[in-house]
Amino acid sequence: MNKLSLGEILKWEFIRWIIIISGIVPGVVGVGLRYILLRFLIGNSKGFFRIFERVIIEYPKGLNLGHNAGINAYCWINARGGVSIGDDTILGPYCVIHSANHRMDQLDVPLQFQGHEPQEVHIGKNVWLGARVTVLPGVSIGDNAVVGAGAVVTKDICPYAVAVGNPAHVIRMRTESFRPRNTVPRRNRVPGRRKTRS
Ligand SMILES: CC(C)(COP(=O)(O)OP(=O)(O)OC[C@H]1O[C@@H](n2cnc3c(N)ncnc32)[C@H](O)[C@@H]1OP(=O)(O)O)[C@@H](O)C(=O)NCCC(=O)NCCS
């Protein structure tokens, strides 16, 4: 296990305090504050991102966030091995993303002292992770995919897939039900807001 210098310990302590304290600020003010503070702490961001209340990011330098990405309340991201989240991707509340496993080759050394095996996680553009999705180290989720609430993603998920369950498996492709907007018959359209004439 790598020993950290006192300076590094204090630096990580300071960063953790900023993440935790800024995480308790509610509403739009909190989202704005976290954008201002965290864009200097995370590895890279391509533009505005929204991080909601009480999100925990460990090893923030390993996190790359795309433009307009949204991370809902109580998510927990460990970016030790690198985590990238694409443009317009949204995470539901309580999602967990791991990018490192504990090493476990030695039987005579406690697991907590065997170090870590970093494995990068890649989540594409315009992905939706429902509430309480867990993403394991080394997994890639393709652009435009949807992962249902409570899923545990153990293997790669292809673009446009809808996957659910533990382990997550693809139940359908979003492309199957896609119809360009103007081809949906008027009677089947979802009622929207109508202009009222005064
Ligand atoms: C995945 C999801 C988007 C629905 O996709 P869908 O294609 O409309 O799926 P359907 O509702 O038609 O269900 C298809 C099958 O998958 C199952 N299924 C749907 N969601 C599931 C889930 N999260 N976990 C396990 N199974 C699920 C259904 O039971 C159904 O099974 P069956 O064919 O055996 O009856 C939705 O179920 C979901 O999980 N949404 C997340 C909601 C959420 O977390 N919101 C938080 C705010 S970001």
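Residues numbered from 1 in each chain as written. Predicted model: local features only at pLDDT ≥ 70, side-chain atom pairs only at ≥ 80, totals over all residues.

**Q** Can you break down the overall build of the chain residue by residue, with the values?
**A** For the chain, the count of helices and strands is two helices and 19 strands. By residue count, 28% of the 198 residues in the chain fall in the buried class. Put simply, 22% of the contacts in the chain that link residues at least 6 apart link residues at least 24 apart. (Helix = DSSP H or I, 4+ residues; strand = E, 2+ residues; numbered from the N terminus. Buried ≥ 20, exposed ≤ 12 C-beta atoms within 10 Å, placed from the backbone. Contact = placed C-beta atoms within 7 Å.)

**Q** Which residues make up the nonpolar core, and what values go with them?
**A** In terms of nonpolar packing, the biggest core is built from 37 residues, with I141, A145, V147, V153 and I157 touching the most fellow members. Each residue touching I157, except ones within four places of it in the same chain, is listed here: I141, G142, A145, V147, A163, A168 and V170. (Core = buried A, V, L, I, M, F, W, Y, C linked by C-beta atoms within 7 Å.)

**Q** Break down the sheet that holds strand β4 (residues 63-65) for me, citing the residues and quoting the values.
**A** Two pairing modes exist for strands in a sheet, parallel and antiparallel, and in both the strands are linked by backbone hydrogen bonds. Strand order in this open sheet of five strands is β1-β4-β7-β12-β15, and the pairing throughout is parallel. Looking at strand neighbours, the two that pair on one side only are β1 (44-45) and β15 (140-141), the edges of this open sheet. By the bridge criterion, two bridges tie β1 to β4 in an arrangement that is parallel. Residue pairing for β4: S45 is matched across the bridge by L65. (Pairing = 2+ DSSP bridges.)

**Q** Describe the site of the ligand, with residues and values.
**A** For the ligand, the full set of nearby residues is G92, G130, A131, V146, G148, A149, G150, V162, V164, G165, I171 and R172. Of all the elements in the fold, those that place two or more residues in the shell around the ligand are β18 (161-164) and β19 (169-173). Looking at the shell around the ligand, its residues break down into six nonpolar, five polar and one charged. (Near = placed C-beta within 6 Å. Nonpolar A, V, L, I, M, F, W, Y, C, P; charged D, E, K, R; others polar.)

**Q** I'd like a description of the environment of A145, backed by residues and values.
**A** Mapping A145 onto the fold places it in the loop between β15 and β16 (146-147). Judged by the 28 C-beta atoms lying within 10 Å of it, A145 falls in the buried class. Each C-alpha atom of the pair A145 and P159 lies 5.2 Å from the other, and the pair is 14 residues apart in sequence. Discounting residues that sit within four places of it in the chain, A145 has contacts with G124, V127, I157, P159, Y160, A161 and A163.

**Q** Outline the pairing of β18, listing residues and values.
**A** Only one face of β18 is buried: it carries A161 and A163, and the other face, with V162 and V164, is open. The sheet contact formed by β16 and β18 spans two bridges and is parallel. Within β18, the position partnered with V146 by the bridge is V162. In terms of strand pairing, β18 meets β19 through four bridges, oriented antiparallel. Counted as the bridge partner of V164 is H169 from β19. The turn linking β18 back onto β19 is made up of four residues, and G165 within it adopts a positive phi angle of 95°.

**Q** With reference to specific residues and values, describe the sheet that holds strand β5 (residues 70-71).
**A** A sheet is described by the order of its strands in space; here seven strands give the open sequence β2-β5-β8-β13-β16-β18-β19, paired in mixed fashion. Both edges of this open sheet fall to β2 (50-51) and β19, since each of them pairs with a single strand only. Inspection of the sheet shows β5 paired to strand β8 (residues 90-91) by two bridges, in the parallel sense. Residue G70 lies in a different strand from β8, and its bridge partner there is I90.

**Q** Kindly report on the environment of V96, identifying the contributing residues and their values.
**A** Its location among the elements puts V96 in strand β9 (residues 96-98). Take V96: there are 17 C-beta atoms within 10 Å of it, and that puts it in the partly exposed class. For the pair V96 and L136, spaced 40 residues apart in sequence, the C-alpha separation works out to 8.5 Å. If sequence neighbours within four positions are ignored, V96 has contacts with W76 and T134.

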